[in-house]
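Structural overview
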Amino acid sequence: MGFSQLISKIASDKNSTKLGKIVKIEKLLGKTIKKYRPYAMILVSKRFKKDVVVPIDIEKIIKVGEQYVWFDVLKEEFDKKTKRISDIKAEREIYHGSIREQESHNQFWTGVDFTNLSHKSKERKR
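Each chain has its residues counted from 1, following the order in which its sequence is written. Selection of residues for local features in this predicted model requires a pLDDT of at least 70, selection of side-chain atom pairs for listing and counting requires 80 or more, and totals for whole chains, interfaces and linings are taken over all residues. No hydrogens and no water enter the side-chain calculation; it runs on all heavy atoms of the structure.

Let us look at the packing of aromatic side chains. Geometry of an aromatic ring pair is reported as the spacing of the ring centres plus the angle between the planes. Side-chain rings of Phe, Tyr and Trp (the six-membered ring for Trp) are treated as a pair once their centres are within 6.5 Å; stacked means planes under 30 degrees apart, edge-to-face means over 60, and tilted covers the remaining angles. Evaluated as defined, the whole model comprises one aromatic pair. Ring plane angle 35 degrees and centroid distance 6.0 Å describe the contact between Y68 and W70, whose orientation is recorded as tilted. Given the relative accessible area of 18%, W70 is considered buried. We call a charge positioned above a ring when the Lys NZ or Arg CZ atom is no farther than 6 Å from the ring centre and deviates by at most 35 degrees from the ring normal. In this structure, K63 is placed above the aromatic ring of W70, and the distance from its NZ or CZ to the ring centre is 4.5 Å. Partly exposed describes any residue whose relative accessible area lies between the buried limit of under 20% and the exposed limit of over 50%, with all areas from a 1.4 Å probe on protein chains only and scaled to the type maximum.

Turning next to unusual backbone geometry. Not every positive phi belongs to a glycine, and S8 is a case in point at roughly 75 degrees. In this text, helices come from DSSP runs of H or I with a minimum length of four residues, and strands from runs of E with a minimum of two, each type numbered from the N-terminal end. Note on placement: S8 falls in the segment before β1 (10-12). Within the chain, S16 stands out as a residue other than glycine whose phi angle is a positive 65 degrees.

What a helix is expected to span follows from its residue count: subtract one and scale by 1.5 Å. Compared with the 27 Å implied by 1.5 Å per residue over 19 residues, the 27 Å span of helix α1 (residues 75-93) between its first and last C-alpha is a close match. On its buried face, α1 sits against β2 (18-29), β3 (36-44) and β4 (52-57). It only takes one pair of heavy atoms within 4.5 Å for two residues to be counted as in contact.

Attention now goes to the pairing of β2. Pairing between two strands requires that DSSP report at least two bridges joining them. In the sheet, β1 pairs with β2 via three bridges, with the strands oriented antiparallel. Bridging across to β2, S12 finds its partner in K18. As defined by bridge partners, β2 adjoins β3 across eight bridges and the pair is classed as antiparallel. Bridging across to β3, K24 finds its partner in M41. Here β2 folds back onto β3, and the loop between the two strands holds six residues.

Let us now look at the sheet that holds strand β5 (residues 61-64). Reading across the sheet, the six strands line up as β4-β3-β2-β1-β6-β5 and stay open at both edges, with mixed pairing between neighbours. In the strand order of this sheet, the two ends are held by β4 and β5, each with one partner. Direction aside, neighbouring strands of the sheet carry axes that sit 40 degrees apart on average. Here β3 pairs with β4 via six bridges, running antiparallel. Looking across to β4, one finds that I42 is bridged to V54. Fitting a line to C-alpha atoms yields each axis, with helices limited to the stretch in contact; the angle taken between N-to-C directions then spans 0 to 180 degrees. Here α1 sits on the sheet in contact with β2, β3 and β4, set at roughly 130 degrees to β4.

Right, here's the structure in full:
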């Protein structure tokens, strides 16, 4: 069975708990041995949160059904991976600016701008 047949199937853990949908198969570097190995990219979508794609090694497949693929992982382990990846994704989306910009900005600014508008924007608003 080719790996391409796993795409669009639902991934589940040992206890048949739904993990997410397999979106694609990608070759990524392994954790200990730096060699490319196939990983199933599982799309996890939760209400009111951004979607996260979590990789699971193809070798952890226990059984393949018509609509489901069972992996040798637990829901708790998978949730830890999901949390770690979503934290990394959120951290990368936030731009902190350089330290030099922050220092120069704080030197001349003494008040607090609650509207978060620059001087020019305030002039246009009036």
